[in-house]
Amino acid sequence: MPDMSLKKVRMPEQDPEIRSGNFKEVALGYDDEMAVSEANRCLHCKTRPCVAGCPVNVQIPEFIKLVSQGDFEGAYAKIRETNSLPAICGRVCPQESQCEQLCVRGKKGEPVGIGRLERFVADWYMANRENVVNAVERNGKKVAVIGSGPAGLTCAGDLAKKGYEVTIFEAFHVPGGVLMYGIPEFRLPKALVQKEIESVRSLGVKIMTNMVIGKVLSLAELEEEGYQAIFIGSGAGLPSFMGIPGENLNGVYSANEFLTRINLMKAYKFPEYDTPVRVTESVAVIGGGNVAMDAARCARRLGAKNVYIVYRRSEAEMPARLEEVHHAREEGIIFKLLTNPTRIIGTDDGWVKGMECIEMELGEPDASGRRRPVAKKGSEHMLDVQTVVVAIGQSPNPLIKSTTPGLETHKWGGIIVEEETGSTSLDGVYAGGDAVTGAATVILAMGAGKKAAKAIDEYLSNEE
Amino acid sequence: MFRIARKEVLNPAVKLLEVEAPYVARKAEPGQFIMLRINEEGERIPLTIADYNTDTGTVTIIFQEVGKTTRILGTLEEGDHLLDFAGPLGTASHLDGVKRAAVIGGGLGTAIAYPQAKKLYSLGAEVDVITGFRNSSFILLEEELKKVSSRLFITTDDGSNGNKGFVTDVLKKLMDEGNKYDLVIAIGPLIMMKMVSLMTKPYGIRTIVSMNPVMIDGTGMCGGCRVTVGGQTKFACVDGPDFDGHEVDFDEAMRRQAMYKSQERRSEEAHDCRMGGALNA
């Protein structure tokens, strides 16, 4: 009989007071007993609605059944059949709007904690088993993957499993893309990301770092080097700014820069690590997405007393995950909703000393379906901050587009692809992830990498 | 890992490293730069490509020891390795169709001006090179520049080479004498590039400057290298590093350069402490 308790088994977390002073992981994960207990809440419905909600098609009821039987190794193998990065997905997937949203248990009470269970299984395997790889016969066909973020890693892993010789080209000095530079240590430990990447490498995938494709090699040159198909997973690397006065003052960061300094370059360990970041007593983060939450919580951990999230709509429209908003609140982040910055004020020698904001109210719905914020006349007021982080979105990096004739993109930079296959306007060239969609989620990028891998396999199989 | 094939001490503060990086060497062009990292704890720093050789697969960088990273870089020897070396980044300089150019290098900027002079000269342009240094012991690349210039003028702040003055004094004199340039390239301290740009503006001479702001990735991702050019925000790493000197907001660039002054000091102090500890051990 399934356990019919209405609530998920609670996952232990670091106390907010303590964790807002360190970069250690916030959520601590289930132990064996908690995992089995949570797994027992699954009804194993015949219709398996949860699976339909998973962009990479994880066989959810099957792996949960194995967990409930205490076969954690079997559960891991079941997840890995379709998901190359379970420890990551278990932590950063928005399960509440995917698998768990469709869970029957969620109709009355909380859905099964699918994400927590996935995380548990992946962590258990990493802690207790050596990664075993079944040797695959190589088919001698070379595929190039540009970018080693979630889309690229997934595409590369899937193709390697099918016998392709895959090389990933990464612009940075370490692989992982947004998993390394964007998502902070306290949400996604970097050692764990590298372990997951090692398991992709162990499938036979070669990773070349420091390779800025578009600059060091063009797509045409990759083809000359014998790559028969190319997958572009170069992400959404171009930060957007607001275009308000004062954005070039010292102390104004793009979220990309702020987070890259802290996460990838480990500025939170300065001066042990050489890269500095400047955090002041009061910090404003502009935006309402996960990136904004990450930036605000990093600023808090680096000693800022007052950290504001400044967002022009109301809480209901915030794109950030509920859990992130909840965690941010617990850590003392101050939400200034329905507030929009109008200009940033500087000292005589060019440092931020404040930000002028205006109050907003919600009007008619706009093209995105969300109610459009309208400025309230005369409601200008000053926010006393010395650092401003702009987290209003990123668009695809133009480096590849600008050096690849014939590659069609949208006006805003996204590469145009056929949805089901990821194929672009160029023969043998596929794309997926944020480079196509603009900033989205890790799991959607993985789903796109998966589809493209399948399409590339079909394309190269038909070539003979 | 990227092996250092050759090291040369150019003057008391400036060193040259020729680094084995065949992919970068194959595509490098004047005006472009690389990002390097020395070790695991190291920062990523941009350095302009001073020379490149497709036969040997090497890229030459020239740097001044001004902070922790460049000081450590200066201690490396032939046969040592750099952990990371990515490039070529940035947009190459557009040098086609130039008939007569003045290429100006201030201090270390001379090393960056050199590949530009070399390229212009090889394209058949008449090239006057003007370089300026603190004193005669700091003079860089004199022999190399002689080979790629029609005339070479070297000034020193203290006159210790017998030619006291600033690069702008020489440029003014040359223009007053009736030399007509269709391109001026100025590379060096921000204040020097600003003064050159102010000088050429009334004459309407196309003037290129090379910006070297703080950056992290060098691929357009962080936006830390924002420069205001003609009232618009540009990213030096992808839109530059070359910009129209008449349009650059130099005063803002100078303010932005001071962003990490106090942290840089802390980083150097911590480094000195550790070095001291190692020596005492």
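Everything quoted here is computed from the prediction, not taken from an experiment.

## Quick look at the overall build of chain B
Move 1: Scanning chain B from N- to C-terminus turns up nine helices and 15 strands.
Move 2: Against the 2.2 N^0.38 benchmark of 19 Å for 281 residues, chain B shows a C-alpha radius of gyration of 19 Å, consistent with a compact globule.
Move 3: Across its three principal directions, the C-alpha atoms of chain B cover 65 × 40 × 40 Å.
Move 4: Here chain B, with 281 residues, has 57% of them falling under the buried criterion.
Move 5: In chain B, of all internal contacts separated by at least 6 residues, the share reaching a separation of at least 24 is 65%.

## Some points on the sheet that holds strand β9 (residues 126-133) of chain B
All names here are of chain B.
Move 1: Ordered by their spatial adjacency, six strands build an open sheet running β10-β9-β8-β11-β12-β15, and the pairing between neighbours is mixed. Taken across any chain shown, the strands that pair with only one partner, and hence form the sheet edges, are β10 (151-156) and β15 (242-244). With direction set aside, neighbouring strand axes in the sheet form an average angle of 20 degrees.
Move 2: Bridge analysis of strand β8 (residues 100-106) against strand β11 (residues 183-187) gives five bridges, and the strand direction is parallel. Residue pairing for β11: G105 is matched across the bridge by I187.
Move 3: Against the sheet, helix α3 (residues 109-122) contacts β8, β9, β11, β12 (207-210) and β15, and its axis sits at roughly 165 degrees relative to β8.
Move 4: Contacts from helix α6 (residues 190-200) reach β8, β11 and β12 within the one sheet, and its direction differs from that of β11 by about 160 degrees.

## Some details on the packing of α6 of chain B against helix α8 (residues 250-257) of chain B
Residue and element names in this part refer to chain B.
Move 1: Packing of α6 against α8 brings their axes to within 10 Å, and their N-to-C directions diverge by 180 degrees. Judged by the angle between their axes, α6 and α8 are roughly antiparallel. Side by side, α6 and α8 meet where L190, I191, M193, K194 and S197 of the first sit next to F250, D251, A253, M254 and Q257 of the second.

## What about the pattern of salt bridges?
Once their charged atoms are close, side chains differing in charge can pair, the charge on each being opposite to the other.
Move 1: The full count for this structure, using the stated rule, is 48 salt bridges over all chains.
Move 2: A salt bridge links E62 of chain A to R48 of chain A; its shortest N-O distance comes to 3.1 Å. Residue E62 of chain A is found in helix α4 (residues 60-68), and its partner R48 of chain A is found in the loop between α2 (32-39) and α3 (49-52); the two are separated by 14 residues along the sequence.
Move 3: Linking R151 of chain B and D128 of chain B is a salt bridge whose minimum nitrogen-to-oxygen distance equals 2.9 Å. Pair noted here: R151 of chain B is in strand β10 and D128 of chain B is in strand β9, with a separation of 23 residues, a long-range link.
Move 4: The exposure class of D128 of chain B is buried, given its relative accessible area of 0%.
Move 5: Overlapping salt bridges bring together E13, R19, E96, R187, D294, R297, R301, R321, E323, E324, E330 and E331 of chain A as one network.

## Quick look at the sheet that holds strand β7 (residues 84-89) of chain B
Residue and element names in this part refer to chain B.
Move 1: If you walk across this open sheet you meet the seven strands as β6-β1-β2-β5-β4-β3-β7, and the pairing is antiparallel. The sheet terminates laterally at β6 (81-82) and β7, the two strands that pair on one side only.
Move 2: Against the sheet, helix α2 (residues 68-75) engages β1 (2-11), β2 (14-20), β3 (33-37), β4 (45-53), β5 (58-64) and β6, with an angle of about 125 degrees to β5.
Move 3: Packing against the sheet, α3 makes contact with β4 and β5, and its axis sits at approximately 35 degrees to β4.

## Quick look at the interface of chain B and chain A
Move 1: In this complex, chain B contributes 48 residues to the contact, which on the side of chain A involves 46 residues.
Move 2: For the pair chain B and chain A, the summed buried surface comes to about 3900 Å²; carbon and sulfur atoms form 55% of the total.
Move 3: At the junction of chain B with chain A, the criterion picks out three salt bridges.
Move 4: With a closest N to O distance of 2.6 Å, K27 of chain B and E221 of chain A form a salt bridge.
Move 5: At the boundary of chain B with chain A, the tally comes to 20 residue pairs in polar contact (both at pLDDT 80 or more).
Move 6: Sorting the residues of the side of chain B that touches chain A by element identifies α1 (22-27), α2, β7, β13 (226-229), β14 (232-235), α8 and α9 (261-280) of chain B as the ones contributing at least two each.
Move 7: At six residues, the largest contribution of residues to the side of chain B that touches chain A is made by β7 of chain B.

## Description of the pairing of strand β7 (residues 282-286) of chain A
Residues and elements named next belong to chain A.
Move 1: With five of its five residues buried, β7 lies for the most part within the structure.
Move 2: Both faces of β7 are covered, namely the face carrying S282, A284 and I286 and the face carrying V283 and V285.
Move 3: Strand direction decides the pairing type here: β7 and strand β8 (residues 306-310), joined by five bridges, are parallel. When the sheet's bridge partners are listed, I286 is paired in β8 with V310.
Move 4: In the classification by handedness, the crossover that spans β7, the intervening helix α13 (residues 290-301) and the parallel β8 is right-handed.
Move 5: As judged from the four bridges shared by β7 and strand β14 (residues 387-390), these two strands associate in the parallel manner. Across the sheet, residue V285 finds its bridge partner in β14, namely V389.

## Digging into a negative patch on the surface
Residues and elements named next belong to chain A.
Move 1: On the surface, E223, E224, D427 and E463 cluster together into a patch of negative charge.
Move 2: Here D427 shows up in the loop between β15 (394-395) and β16 (429-431).
Move 3: According to the relative accessible area criterion, D427 is exposed, its value standing at 63%.

## Concerning the side chain of N210 of chain A
Move 1: Among the structural elements, N210 of chain A can be located in the loop between β3 (206-208) and α11 (219-224).
Move 2: There is a polar contact of 2.9 Å between the side chain of N210 of chain A and the side chain of D84 of chain B.
Move 3: With residues near it in sequence (within four places) discarded, N210 of chain A still touches E170, A171, F172 and H173 of chain A together with F2, L83, D84, F85 and A86 of chain B.

## Some details on the confidence of the model for chain B
All names here are of chain B.
Move 1: Taken over all residues, the pLDDT of chain B has a mean of 91, while the share at 70 or more is 96%.
Move 2: The weakest mean pLDDT in chain B belongs to α9 at 63; the strongest belongs to β6 at 97.
Move 3: The model gives residues 276-281 a pLDDT under 50, and that stretch makes zero contacts with residues more than four places away or in other chains.
Move 4: Two summary scores accompany this predicted model of the complex, namely pTM at 0.93 and ipTM at 0.90.

## Brief notes about helix α12 (residues 255-264) of chain A
Residues and elements named next belong to chain A.
Move 1: By the criterion of burial, α12 is predominantly enclosed, with ten of the ten residues buried.
Move 2: Listed in full, the buried residues belonging to α12 are A255, N256, E257, F258, L259, T260, R261, I262, N263 and L264.
Move 3: Among the structural elements, α9 (178-181), β5 (238-239), β6 (252-254), α13, β14 and β15 are those in contact with the buried residues of α12.
Move 4: Two residues or fewer past α12, K266 is found with a positive phi of approximately 60 degrees.

## Focus: the environment of E43 of chain B
Residue and element names in this part refer to chain B.
Move 1: Inspection of the secondary structure puts E43 in the loop between β3 and β4.
Move 2: A C-alpha to C-alpha distance of 30 Å links E43 and D55, two positions twelve residues apart in sequence.
Move 3: Only 2.7 Å separates the side chain of E43 from the side chain of T69, close enough to count as a polar contact.

## Considering the nonpolar core
Taken as a class, soluble globular proteins show a tendency for nonpolar side chains to be buried jointly.
Move 1: Ranked by size, the top nonpolar core spans 81 residues in total, and within it I60, F63, I64, V67, I88, L117 and I456 of chain A carry the most contacts.
Move 2: A total of ten residues in this core trace back to one element, the largest contributor, which is helix α16 (residues 442-462) of chain A.
Move 3: With 36 residues, the next largest nonpolar core counts V184, L190, V209 and F243 of chain B among its residues.

## Describing the state of the cysteines
Move 1: What the rule picks out here adds up to zero disulfides over all chains.
Move 2: Left unpaired, C103 of chain A is separated from the closest cysteine sulfur, that of C45 of chain A, by 6.6 Å.
Move 3: With no disulfide partner, C298 of chain A has as its closest neighbouring cysteine sulfur the one in C222 of chain B, 16 Å distant.

Each value, and the rule that gives it
- Residues numbered from 1 in each chain as written.
- Chains lettered and ligands numbered in written order.
- Predicted model: local features only at pLDDT ≥ 70, side-chain atom pairs only at ≥ 80, totals over all residues.
- Heavy atoms only, no water.
- Helix = DSSP H or I, 4+ residues; strand = E, 2+ residues; numbered from the N terminus.
- Rg over C-alpha atoms; globule rule 2.2 N^0.38 Å.
- Buried < 20%, exposed > 50% of the residue type's maximum accessible area, 1.4 Å probe, protein only.
- Contact = heavy atoms within 4.5 Å.
- Pairing = 2+ DSSP bridges.
- Axes fitted to C-alpha atoms, helices over the stretch in contact; angles between N-to-C directions.
- Parallel < 35°, antiparallel > 145°, perpendicular 65-115°, else oblique.
- Salt bridge = Lys/Arg side-chain N within 4 Å of Asp/Glu carboxyl O.
- Buried area = accessible area lost by both parts, 1.4 Å probe.
- Polar contact = N/O pair within 3.5 Å; in protein donor to acceptor, adjacent residues only side chain to side chain.
- Right-handed = clockwise from strand over helix to strand, strands pointing away.
- Patch = residues over 30% accessible without salt bridge, like charges linked within 9 Å, V, L, I, M, F, W, Y side chains within 5 Å.
- Areas by Shrake-Rupley, 256 points an atom, 1.4 Å probe, with all protein chains shown as cover.
- Lys, Arg positive; Asp, Glu negative; His and termini not counted.
- Charge placed at Lys NZ, Arg CZ, Asp CG, Glu CD.
- pLDDT = per-residue confidence, 0-100.
- Core = buried A, V, L, I, M, F, W, Y, C linked by side-chain atoms within 4.5 Å.
- Disulfide = S-S within 2.5 Å.

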